[in-house]
Amino acid sequence: ITWGLITMSKYSAPDALKSFLLEGNSVSTLEATLLFGAQNPRMEIQRLKKEGFFIKKQRVPMIKILARLNGMAVCQPPSNLPVREILMTEYWIQS
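Treat the numbers as computed from the prediction; the structure is a model and nothing was measured. (Residues numbered from 1 in each chain as written. Predicted model: local features only at pLDDT ≥ 70, side-chain atom pairs only at ≥ 80, totals over all residues. Heavy atoms only, no water.)

Draft legend 1. Main features of the nonpolar core. Membership of the largest hydrophobic core comes to 22 residues, with the highest contact counts inside it found for Leu17, Leu21, Val27, Phe36 and Ile55. Elements with a minimum of two residues in this core: helix H1 (13–22), helix H2 (29–36), helix H3 (41–50), strand S4 (55–61), helix H4 (62–69) and strand S5 (87–93). Excluding anything up to four places from it in sequence, Ile55 contacts Ile45, Leu48, Lys49, Tyr91, Trp92 and Ile93. (Core = buried A, V, L, I, M, F, W, Y, C linked by side-chain atoms within 4.5 Å. Buried < 20%, exposed > 50% of the residue type's maximum accessible area, 1.4 Å probe, protein only. Helix = DSSP H or I, 4+ residues; strand = E, 2+ residues; numbered from the N terminus. Contact = heavy atoms within 4.5 Å.)

Have a look at this one:
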């Protein structure tokens, strides 16, 4: 997978996630798991905080995450899942 300057074969999941965030992107735990293979995305966010990065977060509707995710992969939730009402957290590095 090539995403911006990231080629997954060159990086570990934590490295790819960190690079993606340093490029100014935001990410949810769903995206971190599906796109980067991060087994515990929240732990990776905590590691970044310990490295001194200022991590911001906000709650957004799941539909926003799915729309962003479907630009790179196919992710179709069950038709009866209320994706406009479910809130998820997205994270980014404050610059």
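Draft legend 2. Structural context of the sheet that holds strand S3 (residues 27–28). Taken together, three strands build an open sheet; the order of strands is S3-S5-S4 and the sheet is antiparallel. In this open sheet, the two edge strands, each paired with only one partner strand, are S3 and S4. Relative to S5, S3 runs antiparallel, the two sharing two bridges. Bridge pairing in S5 links Ser28 to Glu90. (Pairing = 2+ DSSP bridges.)

Draft legend 3. Local environment of the packing of aromatic side chains. With the rule as written, the count across this model stands at one aromatic pair. Ring centres 5.2 Å apart and planes at 50 degrees place the aromatic pair Phe20 and Phe36 in the tilted group. Of this pair, Phe20 sits in helix H1 while Phe36 is found in helix H2, placing the two residues 16 residues apart along the sequence. Classification of Phe36 by relative accessible area gives buried; the value is 4%. (Phe/Tyr/Trp six-rings, centres within 6.5 Å; stacked < 30°, edge-to-face > 60°.)

Draft legend 4. Molecular detail of the pattern of salt bridges. The tally for this structure, following the rule as stated, stands at five salt bridges. Two residues, Glu51 and Lys18, come together in a salt bridge whose shortest N-O distance is 2.8 Å. Remark: Lys18 occurs in helix H1 and Glu51 occurs in the loop between H3 and S4; sequence separation between them is 33 residues. In this structure, Glu90 and Lys64 form a salt bridge, with 3.2 Å as the shortest nitrogen-oxygen distance. With a gap of 26 residues between them, Glu90 in strand S5 and Lys64 in helix H4 connect regions that are remote in the sequence. Each of the salt bridges in this network shares a partner with another, and the network as a whole consists of Glu31, Lys64, Arg68 and Glu90. (Salt bridge = Lys/Arg side-chain N within 4 Å of Asp/Glu carboxyl O.)

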